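Okay, here's what each chain looks like letter by letter:
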Amino acid sequence: MYSYSNHYKSLITLGFPIIVGQIGTIILGTADTLMIGHHSTQELAAAAFVNNLFVLVLIFSMGFSYGFTPIVGSMFGQGKSRRIGEFLKNSLLANSLLAIIVMGLLGFLYLNIHHLGQPKELLPLMRPYFIINLVSIPSVAWFNTFKQLSDGTGDTKTPMWILLGGNLLNILGNYILIYGKMGLPELGLLGAGIATMVSRIIMAIAYFYIFFFTNRHQEIRRGYHEGNLNRKDFVHLNKLGWPLAFQMGMETAAFSLSSIMVGWIGTTALAAHQVILTISQYFYMVYYGMAAAVAVRTSHFHGQHDYKNIQCTATAGFHLVLAIAVMISIPVLAFRSSIGGCFTDNLEVTTLVSEVIIVLFIYQFGDGMQCNYANALRGMADVKPLTIVAFIAYFVISLPTGYFLGIRYQYGLLGIWAAFPIGLTTAGILYYYFFKRRLNSYTNHSVHS
């Protein structure tokens, strides 16, 4: 019988700053939604469509950067700080190239945004907001790279403070630019986009300054300056990064691409969809913070070939994720009929939110399970199963089910959301299966050798 008390303590200590940083990220999105929603319902619907497309791209980019974490964690567990610095140089290059690729794809999407079946009255609001978000993508890629460096070395507080500072700056910028305060023009949705762009650029600059001009990470910085860009490290980062990017991208696509289907239903459904997505992100990002701590701890133990503690870490992490999900679910369910009113004054939108939000509660077990064990696999650098599972769960099961229930059988927004518990639970079970299989293979190899 394993004792999990030390693992609970270590995961909470490591994961709490990540959770706070994740909450800060969602507060940034919530602030946009709240302020835009009270400015106009049309702007809220336009923001819903653009934000959900960009969430897909940003999560994809974040997933790619996660390939750096098991490398950092494993080498940190072995005391190879200078080698981490060499990988950092190659990771910055890889993430910069990814930013260029996704900007090109988004640029193509921007040129064809009028072909996506969205309400025509929203297009003049969507286009400038889209461009402003596009400009900030390289800053996000660089920030992600340095954040994985910090997380992998156990320094989860630095990204937390940078995220909180950036979010406060964004909220202040929203207030000034959306509503036209301090003598500036009232820019509405465009103002929210500008505030977000500026905050992302400043967060990236803060990390560059901390790494290159302070006394932190001295050995890693020495390895960065002495190391060279090289094919071997670059290829290794890509082998880990792309499966993680596709796994997280396909999971997010189940939600983001659903926004296109919701847009076929109408503006009211799209606005309600955005409100529920904003709420759901609190669940996901909070326990993803704990699951990220599982990945970091697992990577350290993986570098030390300590497979018993890998098992204990993953199990303890799942316990904590479920506890967090329950704690958040209770107040959301209790106040479901009034939550929509925090985002908009539109009675139709708030009524629809109160109906659909019950589905959000139903899928928490599956979402927590898939989140935890996907990160345990990431910590062991076993990323190949992630893409296969994500494709089955989200593209084969979730999206088609949402289409048939929501569009073909005309259950509307409720039908589209009803597909998510099925896809997420499938992913959770399969990730757990692959985690146990990989762990058993390590254990058997250790016994026979």
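Let us look at the structure shown here. (Residues numbered from 1 in each chain as written. Predicted model: local features only at pLDDT ≥ 70, side-chain atom pairs only at ≥ 80, totals over all residues. Heavy atoms only, no water.)

1. A word on the overall build of the protein
Consideration 1: Of regular secondary structure, the protein possesses 19 helices and 0 strands.
Consideration 2: By the compact-globule yardstick of 22 Å for 449 residues, the protein fits well, its C-alpha radius of gyration being 21 Å.
Consideration 3: Here the protein holds 449 residues, and 59% of them are scored as buried.
Consideration 4: A separation of at least 24 residues holds for 83% of the contacts in the protein among residues at least 6 apart in sequence.
Consideration 5: When the accessible surface of the protein is totalled, it reaches about 18100 Å², and 67% of it is carbon and sulfur.
Consideration 6: Both charge centroids of the protein, one from 26 positive and one from 17 negative side chains, sit 11 Å from each other. (Helix = DSSP H or I, 4+ residues; strand = E, 2+ residues; numbered from the N terminus. Rg over C-alpha atoms; globule rule 2.2 N^0.38 Å. Buried < 20%, exposed > 50% of the residue type's maximum accessible area, 1.4 Å probe, protein only. Contact = heavy atoms within 4.5 Å. Areas by Shrake-Rupley, 256 points an atom, 1.4 Å probe, with all protein chains shown as cover. Lys, Arg positive; Asp, Glu negative; His and termini not counted. Charge placed at Lys NZ, Arg CZ, Asp CG, Glu CD.)

2. Comments concerning the pattern of salt bridges
Consideration 1: Under the defined criterion, the tally for this structure stands at 7 salt bridges.
Consideration 2: For Asp 151, the salt bridge goes to Lys 147, with nearest N and O atoms at 2.7 Å. Residue Asp 151 and its partner Lys 147 are both found in helix H6 (residues 137-152); the two are separated by 4 residues, about one turn of the helix. This pair shows no difference in class: Asp 151 is buried, exactly as Lys 147 is.
Consideration 3: Put simply, Glu 219 and Arg 222 hold a salt bridge, and the shortest N to O gap is 2.4 Å. Taken together, the positions of Glu 219 and Arg 222, both in helix H9 (residues 218-226) and 3 residues apart, correspond to about one turn of that helix.
Consideration 4: For Glu 219, a relative accessible area of 36% corresponds to the partly exposed category.
Consideration 5: Arg 222 gets classed as partly exposed once you look at its relative accessible area, which sits at 34%.
Consideration 6: One continuous salt-bridge network, built from bridges that share partners, spans Arg 82, Glu 219, Arg 222 and Glu 226. (Salt bridge = Lys/Arg side-chain N within 4 Å of Asp/Glu carboxyl O.)

3. Details of the side chain of Gln 247
Consideration 1: Structurally, Gln 247 is set in helix H10 (residues 231-256).
Consideration 2: Residue classification places Gln 247 among the buried positions, given a relative accessible area of 4%.
Consideration 3: At 3.5 Å, the side chain of Gln 247 forms a polar contact with the side chain of Tyr 431.
Consideration 4: Setting aside residues no more than four positions away along its own chain, Gln 247 makes contact with Gln 370, Ala 374, Leu 386, Thr 387, Ala 390 and Tyr 431. (Polar contact = N/O pair within 3.5 Å; in protein donor to acceptor, adjacent residues only side chain to side chain.)

4. Focus: the state of the cysteines
Chemically, a disulfide is nothing more than a covalent bond linking the sulfur atoms of two cysteines.
Consideration 1: The full count for this structure, using the stated rule, is 0 disulfides.
Consideration 2: No disulfide involves Cys 312; its sulfur sits 20 Å from the nearest other cysteine sulfur, which is in Cys 371. (Disulfide = S-S within 2.5 Å.)

5. Let's talk about the side chain of Thr 145
Consideration 1: Here Thr 145 lies in helix H6.
Consideration 2: Among the polar contacts made by the side chain of Thr 145, one reaches the main-chain carbonyl oxygen of Ala 141 at a distance of 3.0 Å.
Consideration 3: For Thr 145, the contacting residues outside a window of four places in its chain are Ser 65, Phe 68, Leu 88, Ser 91, Leu 92 and Asn 95.

6. Here we look at helix H11 (residues 258-265)
Consideration 1: Within H11, 6 of the 8 residues are buried, which leaves it mostly tucked inside the rest of the structure.
Consideration 2: Taken residue by residue, H11 has Ser 258, Ser 259, Ile 260, Met 261, Val 262 and Gly 263 as its buried positions.
Consideration 3: Positioned one or two residues after H11, Gly 266 has a phi angle of 150 degrees, which is positive.

7. Observations regarding the packing of helix H4 (residues 81-111) against H9
Consideration 1: Axis separation between H4 and H9 bottoms out at 6 Å; the angle between their running directions is 55 degrees. With respect to each other, H4 and H9 are oriented oblique. Pair H4 / H9 crosses with right-handed handedness. Note on element contacts: H9 touches H4 through Glu 219, Ile 220, Arg 222, Gly 223, Tyr 224, His 225 and Glu 226, opposite Ser 81, Arg 82, Ile 84, Gly 85, Glu 86, Leu 88, Lys 89 and Leu 92. (Axes fitted to C-alpha atoms, helices over the stretch in contact; angles between N-to-C directions. Parallel < 35°, antiparallel > 145°, perpendicular 65-115°, else oblique. Left-handed = near helix turned anticlockwise from the far one by under 90°.)

8. Thoughts on the nonpolar core
For soluble globular proteins, the rule of thumb is that nonpolar side chains tend to be buried together.
Consideration 1: Core analysis: the biggest nonpolar cluster contains 134 residues, and Leu 149, Ile 279, Trp 417, Tyr 431 and Phe 435 have the highest contact counts within it.
Consideration 2: Sorting elements by how many residues they give to this core places helix H12 (residues 267-303) first, with 20 residues.
Consideration 3: Each residue touching Tyr 431, except ones within four places of it in the same chain, is listed here: Gln 247, Gln 370, Tyr 373, Ala 374, Leu 377, Leu 386, Val 389 and Ala 390. (Core = buried A, V, L, I, M, F, W, Y, C linked by side-chain atoms within 4.5 Å.)

9. Comments concerning the layout of surface pockets
Consideration 1: Roughly 430 Å³ of internal volume is contained in the largest pocket.
Consideration 2: Leu 53, Leu 56, Val 57, Phe 60 and Leu 105 are the residues nearest the centre of the largest pocket, which is lined by 20 residues in total.
Consideration 3: Per-element tally for the lining of the largest pocket: the top contributor is H4, with 7 residues.
Consideration 4: Taken together, the residues of the lining of the largest pocket break down into 19 nonpolar, 1 polar and no charged. (1 Å grid on protein atoms, 1.4 Å probe; cavity = no way out; pocket = protein on both sides within 12 Å on 5 of 7 lines; lining within 4 Å. Points joined across faces, edges and corners; volume = space filled by probe spheres on them. Nonpolar A, V, L, I, M, F, W, Y, C, P; charged D, E, K, R; others polar.)

10. Considering the environment of Gly 368
Consideration 1: With respect to the helices, strands and loops of the structure, Gly 368 is situated in helix H16 (residues 364-379).
Consideration 2: Taking the C-alpha atoms as reference points, Gly 368 and Leu 322, 46 residues apart in sequence, are found 6.3 Å from one another.

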